Amino acid sequence: PELQFFRTDYLFSPIGVDLTLHTHTMLPALFGATVLGSLSITLAHNLVLLFTLFLNAAMAYLLAYRITSSKAGAVLAASIFGGSPYVMAHLQGHLNLVSAWGFLLYVVLLLETLRSNSWKFTVAAGACLVAVAYTDYYYLVYAIAFSVVWLAVRWVSLSVISGQSSPRRLRMARGVLMALVVDVVIAAGIIVTGGFVTEL
């Protein structure tokens, strides 16, 4: 038998189609097929959906608390984002768009990277971008765009205030840039291996 990644014969049969640029939601699908593999497809899908909704609210709480240090404000943010019309409107059949938690988690990790200059947060932010890439390409683009804009504004502000960048901030910038480069390479790898087939 053949194990095919990012390809299916169930669409455009009998030729099949490449799914590299489709909304395949590889990460949640893999979770449902392995961890929840003993359950029915319907139950596994519903559990993945519920877990995704929980993660949305949890990451909204984490980001709001990271910015405001207010538990009440974070609970309010989690409630508003977790039950937002955007999320609710995509519950039926758009698991990729419902899975916004990865983007929020990435923002938290990026802010922590810039604050602490820690390689652990840099690696975690890069890993989070990989998770986002295997969940939805839209959020990957948003995460990269956010990084570029946030870093540009931050660097401009620093240069205006201090007139120069410190070695520590330059190291942080290089670390974040390296993480982004790695993720671009991974995204390119996803596209290149779209038709990858291996014999079992």
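Values in this document were obtained by computation on a predicted structure and should not be read as measured data.

A. Just the overall build of the chain, in detail. From N to C terminus, the chain includes nine helices and four strands. Overall, the chain shows an N-to-C arrangement of helices and strands of β-β-β-α-α-α-α-α-α-α-α-α-β. Within the chain, the fraction of its 200 residues that count as buried is 36%. Partitioning the intrachain contacts of the chain with sequence separation of at least 6 by distance along the chain shows that 66% fall at a separation of at least 24.

B. Spotlight on the layout of surface pockets. Volume-wise, the largest pocket comes out at about 370 Å³. Taken together, 18 residues form the lining of the largest pocket, with Pro28, Ala29, Ile41, His45 and Leu95 sitting closest to its centre. Of all the secondary structure elements, the ones that give two or more residues to the lining of the largest pocket are α1 (26-34), α2 (41-68) and α5 (95-98). The class makeup of the residues in the lining of the largest pocket is nine nonpolar, nine polar and no charged.

C. Examining a nonpolar patch on the surface more closely. Taken together, the side chains of Phe31, Val35, Phe51 and Phe54 make up a nonpolar region of the molecular surface, amounting to roughly 390 Å² of accessible area. Mapping phenylalanine 51 onto the fold places it in helix α2.

D. The arrangement of helix α6 (residues 101-116) in detail. Taking 1.5 Å as the rise per residue, α6 with 16 residues should run 22 Å; its terminal C-alpha atoms sit 22 Å apart, in good agreement. Where burial is concerned, most of α6 is hidden: 12 out of the 16 residues are buried. For α6, the full list of buried residues reads Trp101, Gly102, Leu104, Tyr106, Val107, Val108, Leu109, Leu110, Leu111, Glu112, Thr113 and Leu114. One or two residues past the end of α6 sits asparagine 117, with phi positive at roughly 55°.

About the criteria used
Residues numbered from 1 in each chain as written. Predicted model: local features only at pLDDT ≥ 70, side-chain atom pairs only at ≥ 80, totals over all residues. Heavy atoms only, no water. Helix = DSSP H or I, 4+ residues; strand = E, 2+ residues; numbered from the N terminus. Buried < 20%, exposed > 50% of the residue type's maximum accessible area, 1.4 Å probe, protein only. Contact = heavy atoms within 4.5 Å. 1 Å grid on protein atoms, 1.4 Å probe; cavity = no way out; pocket = protein on both sides within 12 Å on 5 of 7 lines; lining within 4 Å. Points joined across faces, edges and corners; volume = space filled by probe spheres on them. Nonpolar A, V, L, I, M, F, W, Y, C, P; charged D, E, K, R; others polar. Patch = residues over 30% accessible without salt bridge, like charges linked within 9 Å, V, L, I, M, F, W, Y side chains within 5 Å. Areas by Shrake-Rupley, 256 points an atom, 1.4 Å probe, with all protein chains shown as cover. Salt bridge = Lys/Arg side-chain N within 4 Å of Asp/Glu carboxyl O. Expected span 1.5 Å × (residues − 1).

That's the geometry; what it means functionally is another story.
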